[in-house]
Amino acid sequence: MEASPQPQVFINFRGDELRYGFVGHLKKTLERNGINAYIDSNEEKGLNQKIFFQRIEESKIALAIFSSRYTESVWCLDELVKMKECMEAKKLVVIPIFYMVTPYKIKELMGDFGDKLRKLVKTVDDVRQKKWIDALKSVATNIGFNYDGMRDEHLLIREIVGEVQKLLKKITLQKGEQEDQKTKMLLTSTSKGSSSIPYNNTENQNEFAGLKQRLEELKEKLDLSRKETRIVGVFGMPGIGKTTLVKKLYDEWKHNFQRHVHMVNIRKMSNEHGTQSLQRKLLKGLLGDTYTEINDEMTHGSVEVELLEKKVFLVLDDVSSKKQIQALLGNHNWLRKGSRIVITTRDRTSISELEYTYVVPRLDLTDGLKRFSFFAFEDHKCPYPGKLMDLSTKFVDYARGNPLALKILGRELLSKDKDQYWSQRLDTLAQNPSPHIQDLLKVSYDELSNQQKEAFLVVACFFRSRDEFYVRCLVDTKDPDSANDVASEIRDLADKLLISISSDRVEMHDLLSTFAKKLCSSLPSEDSMIWNHDSFATATKNKRMRFVNQPNVRKPERDHVKGILLDMSELADKLTLDSEIFSEMCNLQYLKVYNSQCSRDCEADCKLNFPDGLKCSMENLRYFYWLQFPLKKLPKAINPRNLIELSLPYSKITRLWKDTKDTSKLKWVDLSHSSELSEISGLLGACNLKRLNLEGCTNLTTLPQGMQEMESLVYLNLGGCTRLVSLPEMKLKSLKTLILSYCLNLENFPLISESLEALYLQGTAIKVIPTSIEYLQKLFLLNLKECKALVTLPDCLGKLRALQELVLSGCSKLEIFPELKENMKSIQILLLDGTAIKQMPMLLHYSQSQGQASADKPFPNPHAHHCNYDISSSLLSISLSGNDLESLQTNISQLYHLKWLYLKNCKKLKAIPVLPPNLKCLDAHGCDSLEKVGSPLAILMVTGQIHCTFIFTNCNRLDQVAISNIISYTRKKSQLMSDALNRYNGGFVLESLIGTCFPGCEVPASFEHQAFGSLLQPKLPRHWCNSSLTGIALCAVILFPDYQRQSNRFLVKCTCEFQSEDGPCISFTSIVGGWSEPDDEPRKMKSSHVFIGYTSWLDINKGHMEDHGKGCIPSKASLRFHVSDGVNEVAKCQVMKCGFSLVYTPNDIDDIARETMGDIGPSKKENELDNTSLNELSRKDYDYSYQSKSSCGVASRRDEYFHDEELAEANISRI
């Protein structure tokens, strides 16, 4: 096979939303430009994961794409550490791309990015944690590219590709001793380019920070080397620096053209004097030396001959319409070949027909801080690290890279007290923004049409960060379902850069959101289009709001009110309101009553009281959200003909309305936890309804037969409807998710949709699953947890070819798992804990020719197509905990992909056979009868599973042979993996950690150094740190006297210090063992236990080899063991004894499973799990998902070990 070409660009990223979107487009564009780009899917399946680090070393440039999900991935962070190493060795240029995150949040570990990292680092030692954080802060400091969703992604991709091309060219030209120095220079010039703009001193550089880079990018768009005429449109939000940029360009380039004109304020000029005046002014600028007067009859055509004599350079600043461009440029026939024209605008539609456009990017954190400092400090310089730097960074983050906003904020703060005023101002910015910034943004707002203004304010107040389709349905004047090309105010706002649409979500810049809310709150209530709690409270206290019995009082002008946003937490007192409070708000479209401070909606307090009920029609209402609606029925006169969303969670209503009403536009309904709701016949006309949430409606007994007409319904939630007895016979052809969880009286389940993908039946009274379930060929999740009456399962269950997750936990009467004759190709998770099953299901049935794996026989080929088996070997997790099993199937070792095996409290289990090679966690806690385990414990081979753990807590009958097998296997597995990692990764940091725990009170004799208590101080032998050192083995004997579990985590840790005569050389903390489990299931320990952990030491070995000549090889060590709950030490758990050994590569390592030494990377089957089927319907929309009984954690360094890297990639959560 021909070797793959070495990559020029390595792309480091996280998440399939990037893989199939931004990263996919970026890779294709790089390749179209002749650049060999690399992502992990480039590699053949089956290769070692170490190949990623090799590809980094081979690359010239690395793109680190930081996103909110980046810190979910161990591999992303390990790759980043490698990239940092190569960067510091001057062998790699690393360009950060901040995708929907800010550099400040990366460096300061803020938001989701930081939260996910803090969760992840809890599972690793201090050394690895420090390297991750150092790499993040180091790479994030490099100047790169920012993307915040306010411009088209393809424009960003063009800029990245252009920068990469320049860098590759420069790298190619590097020679000899200059190579290191030039590479370092590339790092600091990555996104700045080069320009002839003179910067006389640091002060000017700070004032115009980022301008040089932008200017170079714009010059590349114009490309003077090309002989054709080129017109470039420059657009960006107000204050982003368009005018400053093109003025600099004009000053530099005007001498290259004999005719040049810079026209400013074109929008204003057109509004004041008409578009015809624009052409006269342009012709006067171009032909002023030829004609003394330009009259109204002169056009481009009439003076075309004169114009064609010379090339022109035009800068047309602040254009607002295509009509203005047409008046200025006409048919372009008068432009001499080679002319250049730059047009600036804040409206994308004005330049939509131009081939070349440039989006002015926001300043990154570094340039933003420089510009802010120029105006905020008298010396115009950035402050030193400390409180002032932190405050400055927060102001810069608030401005989100807007140069004008930074200037305004800086000038405001310049003369103010920097200790007190700055902190106070930061806290009030959201409520009281700078008037100058408000004035700046109001210019764009004033140019909007009335419909666009309404849409802008509604998005800012009601619908930020929501799905685009959802927002368009609620805000656009036309239904987006009616046609794809229908007019859309939302898309108009995106074209005007007042909102952005990224990954199908509508986002708005904080400055614009603050502007909109301030605009609404600053107007008197009689003039404001959207009322907040202050406006509403003020209006209700005004006597003019009382209509009843006041016929002589002029009714106030309230038909301008389009939206009401009431935050109950902001109301100090309860309000008693008139029944006709909304009656004359004839144009009210959005009504939201909520509580922003109450984390539990059920505890929120609705402070609005209607003693006489509520009388209004609300016929124009589109969005009706009211948390804890206080009345038992909606107004009798209500007209829902325009209603699109109705959400009344925790309300007191008994029914919606009595008479038939027009609900044809209704798409989303949430009546959850309305405990007095008894019927929903009022929704029968909602033919376009997509989602219906009736969770917790405990008075609901049935559904109307007429729901058959809801052909668009995709989501139906009836969870917790405890009086629901049955469902009507009906067919809902679009239904994908059906939730019937904890419908305690539901005994039968009719098939109401063959399109179902997720079916939740846990906690119901169902006794039998109908055979018609075999028609659910799209079903990927079937949850039957705690169906106490369920006795049998149908044989046809095996025909569900799409099924990935089958949950039968707690089905206490289920005694037999059927023999499945069909092939369930997709099954990954099978949970049978807490059932009455006495025999392990036959999960695999290979033909005789295939044979079985054993201790002395190589593992059978998992990809062989001639295998005949009942359930696919794609199984990842099996839970058999709490059952009366006496044995496991001997061929369980052939479940090649199995990672989690839960056997907790299987009281009759006597033996465990040889286990699969990729097993990540075995939890056999409380198996009182367990005496024997396989020899070896699991098939010994190099696998993609680096971390693995075997828990045998409270298995007090384990014989000595079994314990020896456990210790022997973990030692050999550790040596095998460490040697493979050392061999394939060249000593790169990638620790393998394998551990176990079992009852006992002695440190095994194989540990060379032992001590009583928690402190061990061995003297190290000479030359101990040689090339064959692969790791360390740690052991602790823990006593549990009167231990009351205080946390769901239990960790045995060891703080290690390796010392030389000059003092400590190395200090780190290693996890020896432990576990993590739900709060409601404490793990009660009956005796002392032995915890053993093997940790790879490849990176430390490498560091010591480098320092060998410095005389820093430690001669002694100090190891202190302690018990932690993940946060604090657990004082009641005593470390009785401890042990330590150095682990070296054995002489016979090449003989250990040499024939099975495969790849370290995950297999193709694991990487091709269906990401689309495990979608948000079953994860985000409803969380009745199964909670596994335990998450083992001996030394696997995860909060919950079911959430490992491979499974996270497949979007599978613990169910």
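Everything numeric in this text was worked out from a predicted model, so none of it was measured. (Residues numbered from 1 in each chain as written. Predicted model: local features only at pLDDT ≥ 70, side-chain atom pairs only at ≥ 80, totals over all residues. Heavy atoms only, no water.)

Quick look at the overall build of the protein chain
Part 1: A count of helical and extended segments in the protein chain gives 31 helices and 44 strands.
Part 2: The burial tally for the protein chain puts 59% of its 1215 residues in the buried class.
Part 3: For the protein chain, the exposed area adds up to about 50,000 Å²; of that, 46% sits on carbon and sulfur atoms. (Helix = DSSP H or I, 4+ residues; strand = E, 2+ residues; numbered from the N terminus. Buried < 20%, exposed > 50% of the residue type's maximum accessible area, 1.4 Å probe, protein only. Areas by Shrake-Rupley, 256 points an atom, 1.4 Å probe, with all protein chains shown as cover.)

Observations regarding the sheet that holds strand β10 (residues 356-359)
The strands that make up a sheet pair up through hydrogen bonds in the backbone, lying either parallel or antiparallel.
Part 1: In spatial order, the strands read β7-β8-β9-β6-β10; together these 5 strands make up an open sheet with parallel pairing. Edge positions in the sheet fall to β7 (259-263) and β10, since each of these pairs with one other strand and no more. Between one strand axis and the next, the sheet turns through 15 degrees on average, direction left out of account.
Part 2: Two strands pair when backbone bridges link them, and strand β8 (residues 312-319) and strand β9 (residues 340-345) are joined in this way by 5 bridges, in the parallel orientation. (Pairing = 2+ DSSP bridges. Axes fitted to C-alpha atoms, helices over the stretch in contact; angles between N-to-C directions.)

Description of the packing of aromatic side chains
Each pair of aromatic rings is reported with the distance of its centres and the angle of its planes.
Part 1: Tallying each qualifying case throughout the model produces 39 aromatic pairs.
Part 2: Where Phe372 meets Phe395, the ring centres are 5.9 Å apart and the plane angle is 15 degrees; that geometry is what we call stacked. Here Phe372, found in helix α17 (residues 365-376), pairs with Phe395, found in helix α18 (residues 387-399); they are 23 residues apart in sequence, far enough to count as distant. Note on accessibility: Phe372 and Phe395 belong to one class, buried.
Part 3: Arranged with centres 5.8 Å apart and planes meeting at 70 degrees, the rings of Tyr445 and Phe515 form a pair that is edge-to-face. Of the two residues, Tyr445 is situated in helix α21 (residues 435-446) and Phe515 in helix α25 (residues 510-522); the sequence distance between them amounts to 70 residues. (Phe/Tyr/Trp six-rings, centres within 6.5 Å; stacked < 30°, edge-to-face > 60°.)

Section: the sheet that holds strand β11 (residues 466-467)
Part 1: Judged by pairing direction, the sheet is antiparallel, and its 3 strands sit side by side in the order β11-β13-β12 without closing on themselves. Of all strands in the sheet, those bounded by a partner on one side alone are β11 and β12 (500-502).
Part 2: Relative to strand β13 (residues 505-507), β11 runs antiparallel, the two being bridged by 2 bridges. Paired with Asp467 across the strands is Arg505, a residue of β13.

Things to note about α21
Part 1: In this model, α21 (12 residues) spans 16 Å end to end at C-alpha, consistent with the 16 Å of a helix rising 1.5 Å per residue.
Part 2: Ile437, Gln438, Leu440, Leu441, Ser444 and Tyr445 are the residues of α21 that are buried. One side of α21 carries all its buried residues, which in axial view fall inside an arc of 160 degrees. Exposed positions of α21 whose direction lies more than 90 degrees from the buried face are Pro435 and His436.
Part 3: Considering only its buried residues, α21 is in contact with α19 (403-413), α22 (450-462) and α25. (Expected span 1.5 Å × (residues − 1). Arc of directions from axis to C-beta. Contact = heavy atoms within 4.5 Å.)

Examining the nonpolar core
Part 1: In terms of nonpolar packing, the biggest core is built from 142 residues, with Phe582, Leu608, Phe624, Trp626, Ile912 and Phe952 touching the most fellow members.
Part 2: Per element, the largest residue contribution to this core is 7 residues, and it comes from helix α27 (residues 960-985).
Part 3: Counting 110 residues, the second-largest nonpolar core is a separate cluster that includes Val319, Trp334, Leu409 and Val459. (Core = buried A, V, L, I, M, F, W, Y, C linked by side-chain atoms within 4.5 Å.)

Concerning the pattern of salt bridges
Part 1: Under the counting rule described, the total for this entry stands at 42 salt bridges.
Part 2: A salt bridge links Lys116 to Glu72, with the nearest nitrogen and oxygen atoms 3.2 Å apart. Linking Lys116 in helix α6 (residues 111-121) with Glu72 in the loop between β3 (61-66) and α4 (74-88), this pair joins segments that are 44 residues apart in sequence.
Part 3: Assessed through its relative accessible area of 25%, Glu72 is described here as partly exposed.
Part 4: Here Arg1083 makes a salt bridge to Asp923, at a shortest N to O gap of 2.8 Å. Here Asp923 lies in strand β32 (residues 921-923) and Arg1083 lies in the loop between β40 (1063-1076) and β41 (1089-1096), a separation of 160 residues in the sequence.
Part 5: Residue Arg1083 is classed as buried on the basis of its relative accessible area of 4%.
Part 6: A network of salt bridges, in which partner residues are shared, links Arg14, Glu17, Arg69, Glu72 and Lys116. (Salt bridge = Lys/Arg side-chain N within 4 Å of Asp/Glu carboxyl O.)

As for unusual backbone geometry
Part 1: In this structure, the amide linkage connecting Ser935 to the following residue, Pro936, adopts the cis form with an omega of 0 degrees.
Part 2: Assignment of secondary structure puts Pro936 in the loop between β33 (932-933) and β34 (948-951).
Part 3: The residue Gln628 is not glycine, and still its phi comes out positive at about 60 degrees.
Part 4: Structurally, the position occupied by Gln628 is in the loop between β19 (623-626) and β20 (645-647).
Part 5: Residue Gln628 is classed as buried on the basis of its relative accessible area, which comes to 17%.

Overview of the pairing of strand β38 (residues 1029-1039)
Part 1: Burial within β38 is extensive, with 10 of its 11 residues counted as buried.
Part 2: Relative to strand β43 (residues 1134-1144), β38 is paired through 10 bridges, and the arrangement is antiparallel. Each residue of the ladder has a partner; that of Ala1033, found in β43, is Ser1141.
Part 3: Taken together, the 8 bridges between β38 and β41 define a ladder with antiparallel strand orientation.

So, the side chain of Ser270
Part 1: Tracing the sequence through the fold places Ser270 in helix α13 (residues 266-273).
Part 2: Among all residues touching Ser270, those that are not within four sequence positions of it are Thr275, Leu278 and Gln324.

Some points on the pairing of β41
Part 1: Buried residues dominate β41, accounting for 8 of its 8 residues.
Part 2: Taking every second residue as pointing to the same face, both faces of β41 are buried, with His1089, Phe1091, Gly1093 and Thr1095 on one and Val1090, Ile1092, Tyr1094 and Ser1096 on the other.

Regarding the environment of Val593
Part 1: Along the chain, Val593 turns up in strand β17 (residues 590-594).
Part 2: A relative accessible area of 0% means that Val593 is categorised as buried.
Part 3: Spatially, the C-alpha atoms of Val593 and Leu565 are 6.3 Å apart, while their sequence positions differ by 28 residues.
Part 4: If sequence neighbours within four positions are ignored, Val593 has contacts with Leu566, Met568, Leu608, Tyr625, Trp626 and Leu627.

Considering the confidence of the model for the protein chain
Part 1: Residues with a pLDDT of 70 or more make up 81% of the protein chain, whose mean pLDDT is 80.
Part 2: Mean pLDDT per element in the protein chain: helix α30 (residues 1176-1179) is the minimum at 31, and strand β22 (residues 691-693) is the maximum at 97.
Part 3: Within the model, pLDDT remains below 50 along residues 175-202, and this stretch shows 58 contacts once partners closer than five positions in the same chain are excluded. (pLDDT = per-residue confidence, 0-100.)

Regarding the side chain of Gln438
Part 1: Note that Gln438 resides in helix α21.
Part 2: Setting aside residues no more than four positions away along its own chain, Gln438 makes contact with Pro433, Thr514, Phe515 and Lys518.

Thoughts on the state of the cysteines
A covalent bond between the sulfur atoms of two cysteines is what we call a disulfide.
Part 1: Counting across every chain of the model gives 0 disulfides.
Part 2: No disulfide involves Cys906; its sulfur sits 5.1 Å from that of Cys927, the nearest cysteine.
Part 3: With no disulfide of its own, Cys927 lies 4.9 Å from the sulfur of Cys955, the closest cysteine sulfur. (Disulfide = S-S within 2.5 Å.)

Here we look at the environment of Ile65
Part 1: Within the element layout of this structure, Ile65 appears in strand β3.
Part 2: Note on Ile65: relative accessible area 0%, which makes it buried.
Part 3: A C-alpha to C-alpha distance of 9.8 Å links Ile65 and Cys76, two positions 11 residues apart in sequence.
Part 4: Other than its neighbours up to four places away in sequence, Ile65 contacts Ile11, Asn12, Phe13, Leu18, Phe22, Val23, Leu26, Tyr70, Ile97 and Tyr99.

Quick look at helix α11 (residues 211-222)
Part 1: Given a rise of 1.5 Å per residue, 12 residues ought to cover 16 Å, and the 16 Å separating the end C-alpha atoms of α11 matches this to within 8%.
Part 2: α11 sits mainly inside the fold: 10 of its 12 residues count as buried.
Part 3: Along α11, the residues that are buried comprise Leu211, Gln213, Arg214, Leu215, Glu216, Glu217, Leu218, Lys219, Lys221 and Leu222.
Part 4: Positioned one or two residues after α11, Asp223 has a phi angle of 45 degrees, which is positive.

Re the packing of α17 against α19
Part 1: Where α17 contacts α19, the two axes come as close as 7 Å, and the packing angle between them is 35 degrees. Both α17 and α19 take part in a crossing whose hand is right-handed. Here Gly368, Arg371, Phe372, Phe375 and Ala376 of α17 come into contact with α19, specifically with Pro403, Leu406, Lys407, Leu409, Gly410, Arg411 and Leu413.
Part 2: Here the contact of α17 with α19 is composed, by residue class, of 7 nonpolar, 2 polar and 3 charged. (Left-handed = near helix turned anticlockwise from the far one by under 90°. Nonpolar A, V, L, I, M, F, W, Y, C, P; charged D, E, K, R; others polar.)

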